[in-house]
Amino acid sequence: MAKISENVICVTCPKGCTLIVTRDGQTVIDVENGCKRGKDYAQQELTDPRRMVASSVRLKGGLHPLLPVYTSAPFPKPRIPELLSVLRQVEVKTPVSLDQVILENVLDTGINIQSSREMKEVVE
Amino acid sequence: MTIKEHYDVVVIGSGPGGLAAAISAKKNGAQDVLIIERDIEPGGILLQCIHNGFGVEVFKQDLPGPSYAQRFINEAYQVGVDFLLDTMVLEITRDHRITATSKRYGFLTIQAKAVVLAMGCRERTRAQVRLPGTRPAGVYTAGTAQRWVNVEGYMPGKNFVILGSGDIGMIMARRLTFEGAKVERVLEVMPYLSGLTRNYVQCLMDFDIELQLKHTVKNIIGKKRVEAIEAVAVDDKWNYIPGTEEIIPCDTLLLSVGLIPENELSRQAGVLIDPVTAGPFVDDGFQTNIPGIYSAGNVVHVYDLVDWVTEAGLIAGKSAARLVQNGPQPDAKTIAVKAGENVRYVVPHTLNPDHLADGEIRIQMRVRQPIEAPVWVEVRSGEKLLHRKGEPYARPGEMVTIPLKPALMDEVKAAGELTVAIVKR
């Protein structure tokens, strides 16, 4: 198979390096301009692209009507819309602690949805 | 909690800069440290930045904004920082008297030995970029929309056009898409992205949202509510290019057209403001021209990473604690740091070479023109090159840092002033 060289922007950290990725089909042969994490990112992006997903769920009894949540690990990119539909059905009650698991093993991915902050119960 | 009349250090604002400054002041020996915050809870704008990407430098972790804030809020309470929430500071004087008003405590006067300004920055509005057209509902800054969507639970519209490729704008493009809205277009007047490249990839490219560089809004159309915007291509001098107009139907226009340090209180206190950064002139300990008044974070210059804001807060808090403990130091010989070739601005504006004995001093700057090729970041004394560092490229959207190492102390001392430059390798 023919070798292909292309530019890929790494989103692992805020540096946003432009990686020069040489690949043979789905196999990365060489990555220029990046760190160790960039090399892993290039291979992952080719075979199974993933992103950290942050959103919110409904909250009862807190200072605000929403609780921000995020994925415990990068989540498969093609399944993000499915994940968002699941989150729309969720409602939690205060008190909530930081990193409290809101949904375990969401959509059988092995990834948890956890709280991005603490939210105390508001006593009127 | 009773609010005392006297504090060692009072910090204005509880965003990442203020939290770090207060924690650092306390840890470095200040006894009574108070944070005054106008919101009903501490954390600042991080609380509405629910996306990931925070803490890569400080925690080596990829955290959402509220998580990043929570770590510092918890630490501040733990080390015994006092918080005065839901309180608006009205005035700070050059001798550190603070007047404030609060629903709970009424009118307050507090005397501080040192003050740290950490008010952050504010978004540029429609009026500040002089957008033509009618004045219908549906024109908001990206940060306002972010607050509504992420904290208060309101959607500001269904079909969006975003003007400006700042990070908040791109992040909101993704967020609104997540919540079922359609983002029709992102327009950027400059020939390059104004936010981070990674946000272009994961916020726009991932969702097929089109970015048009060298484009702006020529007209806002709609009576009661935005009905469409007229986009237009511009030349290098931002003149409209006739014949390139396009009507884009939408119900909301978001503006992500820059942030300006919020320095009304600083000016009242007599703090001198750099016209380029719109923040105070500072030394390497983040002291302003007024002795005992320090400033930290986006109030000094707008950072692109919260991690650097935290770092600045830690330095400012430490400087404030030192002043409280040791009193004012006799005038040391400070050296000016100037923006040279292709550098728009540099912070700090002055530095005391003796401080290199305590560790490196980081000089931070923004490039004037982008260079998409390897560059040298140079520190010069007149014609003499003192220190340089290579970077793969230089972009106005991404701040450049060069550390001055303690080993350079003698050379820096001998220099009349330092100039920084960013040149092609």
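Residues numbered from 1 in each chain as written. Chains lettered and ligands numbered in written order. Predicted model: local features only at pLDDT ≥ 70, side-chain atom pairs only at ≥ 80, totals over all residues. Heavy atoms only, no water.

Caption draft 1: Representation of helix α1 (residues 16-27) of chain B in the model. Residue and element names in this part refer to chain B. The terminal C-alpha atoms of α1 lie 16 Å apart, and with 12 residues this matches the ideal 16 Å at 1.5 Å per residue to within 8%. Of all 12 residues making up α1, 10 are buried, and the element is well covered by its neighbours. Inspection of α1 places P16, G17, G18, L19, A20, A21, A22, I23, S24 and A25 among the buried residues, and these make up the whole buried set. On the buried face of α1, the contacting elements are β1 (6-12), β2 (33-36), α2 (65-78), β3 (82-84), β6 (106-117) and α8 (306-326). After α1 finishes, the residue G29 shows a positive phi value of roughly 110 degrees. (Helix = DSSP H or I, 4+ residues; strand = E, 2+ residues; numbered from the N terminus. Expected span 1.5 Å × (residues − 1). Buried < 20%, exposed > 50% of the residue type's maximum accessible area, 1.4 Å probe, protein only. Contact = heavy atoms within 4.5 Å.)

Caption draft 2: Broad picture of the side chain of Q70 of chain B. Note on placement: Q70 of chain B falls in helix α2. With residues near it in sequence (within four places) discarded, Q70 of chain B still touches L98, R117 and E118 of chain A.

Caption draft 3: Representation of the packing of helix α5 (residues 167-178) of chain B against helix α6 (residues 197-204) of chain B within the structure. Residues and elements named next belong to chain B. Running from amino to carboxyl end, α5 crosses α6 at an angle of 15 degrees, the nearest separation of the two axes being 8 Å. Taken as axis vectors, α5 and α6 run roughly parallel relative to one another. Classified by chirality, the crossing of α6 by α5 is left-handed. Of the residues in α6, those in contact with D167, M170, I171, A173 and R174 of α5 are N199, Y200, Q202, C203 and L204. Among the residues making up the contact of α5 with α6, the classes are represented as 6 nonpolar, 2 polar and 2 charged. (Axes fitted to C-alpha atoms, helices over the stretch in contact; angles between N-to-C directions. Parallel < 35°, antiparallel > 145°, perpendicular 65-115°, else oblique. Left-handed = near helix turned anticlockwise from the far one by under 90°. Nonpolar A, V, L, I, M, F, W, Y, C, P; charged D, E, K, R; others polar.)

Caption draft 4: How the structure looks around the environment of E57 of chain B. All names here are of chain B. Relative to the elements of secondary structure, E57 occurs in the loop between β2 and α2. When the C-alpha positions of E57 and M365 are compared, they lie 18 Å apart, and in sequence the two are 308 residues distant. Apart from the residues within four sequence positions on either side, E57 is in contact with L305, D307 and W308.

Caption draft 5: Examining the sheet that holds strand β10 (residues 113-115) of chain A more closely. Residues and elements named next belong to chain A. In space, the 5 strands of this open sheet follow the order β8-β5-β6-β10-β9, with mixed pairing throughout. Every other strand in the sheet has two partners, leaving β8 (91-93) and β9 (101-103) as the edge strands with one partner each. The mean inter-strand angle of the sheet, taken between neighbouring strand axes irrespective of direction, is 45 degrees. Relative to the sheet, helix α2 (residues 80-88) contacts β5 (54-60), β6 (66-71), β9 and β10, its axis offset from that of β5 by approximately 10 degrees. (Pairing = 2+ DSSP bridges.)

Caption draft 6: Fine view of the domain arrangement of chain B. All names here are of chain B. On domain assignment, one finds that chain B holds domain 1 (1-121 + 259-326), domain 2 (125-257) and domain 3 (333-425). Domain 1 and domain 2 are separated by 31 Å when their C-alpha centres are compared. Tallying the contact residues gives 10 residues for domain 1 and 12 residues for domain 2. Summed over both sides, the interface of domain 1 with domain 2 buries roughly 910 Å², with 53% coming from carbon and sulfur. Three residues, Q48, I50 and H51, lead the burial of domain 1 against domain 2; their summed loss comes to 54% of the area buried on that side. Seen at the junction of domain 1 and domain 2, the total is 1 salt bridge. Between D39 and R147 there is a salt bridge; the shortest N-O distance is 3.8 Å. For the interface between domain 1 and domain 2, the tally reads 3 residue pairs in polar contact (both at pLDDT 80 or more). Counted by class, the side of domain 1 that touches domain 2 contains 5 nonpolar, 3 polar and 2 charged residues. (Domains from an automatic or database assignment. Buried area = accessible area lost by both parts, 1.4 Å probe. Salt bridge = Lys/Arg side-chain N within 4 Å of Asp/Glu carboxyl O. Polar contact = N/O pair within 3.5 Å; in protein donor to acceptor, adjacent residues only side chain to side chain.)

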